[in-house]
Amino acid sequence: MAKTSTRALWKGAISFGLVHIPVALHSATADTGIDFDWLDKRSMDPVGYKRINKKTGKEIAKDDIVKGIQYEDGQYVVLTEEEIRAAYPKATQTIEIEAFVPMTELPFVYLDRPYYLSPVGKGDKVYALLRETLLRTGRAGIARVVIQTKQHLAALVPSGPALILNLLRWGDAIRPWDQLDLPPPGEEAVGLKKRELDMAEQLVDDMTTHWDPSGFRDSFAEEVMALVHKKVDAGETEQVVKPDAEEERAPASNIVDLTELLQRSLRRGGEGRNKPEKAPARAPAAKRTPRASTKAKATNKRKAA
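Keep in mind it's a predicted model, so treat the numbers as computed, not measured. Within each chain, residue numbers correspond to sequence positions counted from 1 in written order. Predicted model: local features are reported for residues with pLDDT of at least 70 only, side-chain atom pairs are reported and counted for 80 or more only, and whole-chain, interface and lining totals are derived from all residues. Only hydrogens and water are removed before side-chain values are computed, so all heavy atoms of the structure are retained for them.

The next subject is the overall build of the protein. For the purposes of this entry, the term helix denotes a DSSP run of H or I that reaches at least four residues, the term strand denotes a run of E that reaches at least two, and both are numbered from the N terminus. Looking only at helices and strands, the protein features six helices and nine strands. For the exposure calls, accessible area comes from a 1.4 Å probe over protein chains only, and a residue counts as buried if that area is under 20% of its type's maximum, exposed if over 50%, partly exposed in between. A burial count over the protein gives 20% of its 305 residues as buried. Taking as baseline every contact in the protein between residues at least 6 positions apart, the subset at least 24 positions apart corresponds to 67%. Only carbon and sulfur atoms are counted for the fraction: they give 53% of the accessible area of the protein, which is about 24200 Å². Contacts are assigned to residue pairs with any non-hydrogen atoms lying within 4.5 Å of each other. Surface exposure here means Shrake-Rupley accessible area, sampled with a 1.4 Å probe, where a residue is shielded only by the protein chains that are shown.

Given below as structure tokens:
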């Protein structure tokens, strides 16, 4: 299992009603797959991508590249860097909870990337208050958050002693299943017999255990890393040093009487302060063919193998 990351990627606050919880954002996952880089076998130099004009096949300078979005086949709208920067959401350093929903109503298909949230300063008590309230009610907080320059929809869910900020996919990113050839729901609709269900349930019971992620391993990664260790022992190594990301400063937090904040928030509830606004219709996703990174292409090659 990967080690806990104590380095804060982002510092800000959770906000609901008048309650303000200063928190730090930590990575909850680690990339553990095999990451192949391309190297020139003649010199062992790293190999990267060139900017190639797909029509002429010639390399072009960075200054001659503009960004365009295809809205019809062969038809593009070109946007300047200034226009793109103006569209970036304002970084507020706040996880603004807009609604609470039953956790059972949140489909797994919407879950994207998880982060841990930890309290900052004197925020332990109010952090624990939100965590325990979500556990008691079986609810998840639905919020918007801006990380770097990108706005995300996110679910705030309790897990053990922690609050997890799980980024969510937007609704128009989820493909419907209505075009798939799926059996209709229900036992009778597909002619399932009681004996068949009883036997299947018994098999599931026999195979049921407690979740232990250490019991499941990536055999491909282990085989490759065993080979890597042999080459390391032989002195055949290359080293890549990655710079650490800078931490952002947390805004000053003033923790006042928690009970008073909750009472004031409840009094303001009738005003509809935290009711989620109806989101404007999102434009259909434009057809784009982003330039893949060297690592991504290598990973794809591995998956296809």
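Moving on, we get to the confidence of the model for the protein. Scored from 0 to 100, pLDDT reflects the predictor's confidence in each residue. Per-residue pLDDT for the protein averages 75, and the proportion of residues at 70 or more is 70%. For the stretch residues 245-253, pLDDT sits under 50, and the model shows 14 contacts to residues farther than four places along the chain or on other chains. pLDDT under 50 marks residues 277-305. Its contacts with residues more than four places away, or in other chains, come to 25 contacts.

All right, on to the packing of aromatic side chains then. Any Phe, Tyr or Trp ring, taking Trp's six-membered ring, that has another such ring centre within 6.5 Å forms a pair; planes under 30 degrees apart are called stacked, those over 60 apart edge-to-face, and the others tilted. According to the stated counting rule, one finds one aromatic pair in the structure shown. Measuring from centroid to centroid gives 5.7 Å for tryptophan 211 and phenylalanine 216, while their planes differ by 20°, and the two rings are stacked. One exposure class covers both tryptophan 211 and phenylalanine 216, and it is exposed.

Picture the strands of a sheet paired through backbone hydrogen bonds; they go either parallel or antiparallel. In this scheme, strands are said to pair when DSSP sees at least two bridges between them. Around the barrel, which closes on itself, the seven strands sit in the order β1-β2-β6-β9-β8-β7-β5 with mixed pairing between neighbours. If you compare each strand with its neighbour and ignore which way they point, the axes differ by 40° on average. Think of each axis as a best-fit line through the C-alpha atoms, taken over the contacting stretch in the case of a helix, with angles from 0 to 180 degrees between the N-to-C directions.

This part takes up the pairing of strand β4 (residues 75-79). In terms of strand pairing, strand β3 (residues 67-72) meets β4 through five bridges, oriented antiparallel. Among the inter-strand pairings, glutamine 70 is bridged to a residue of β4, identified as tyrosine 76.

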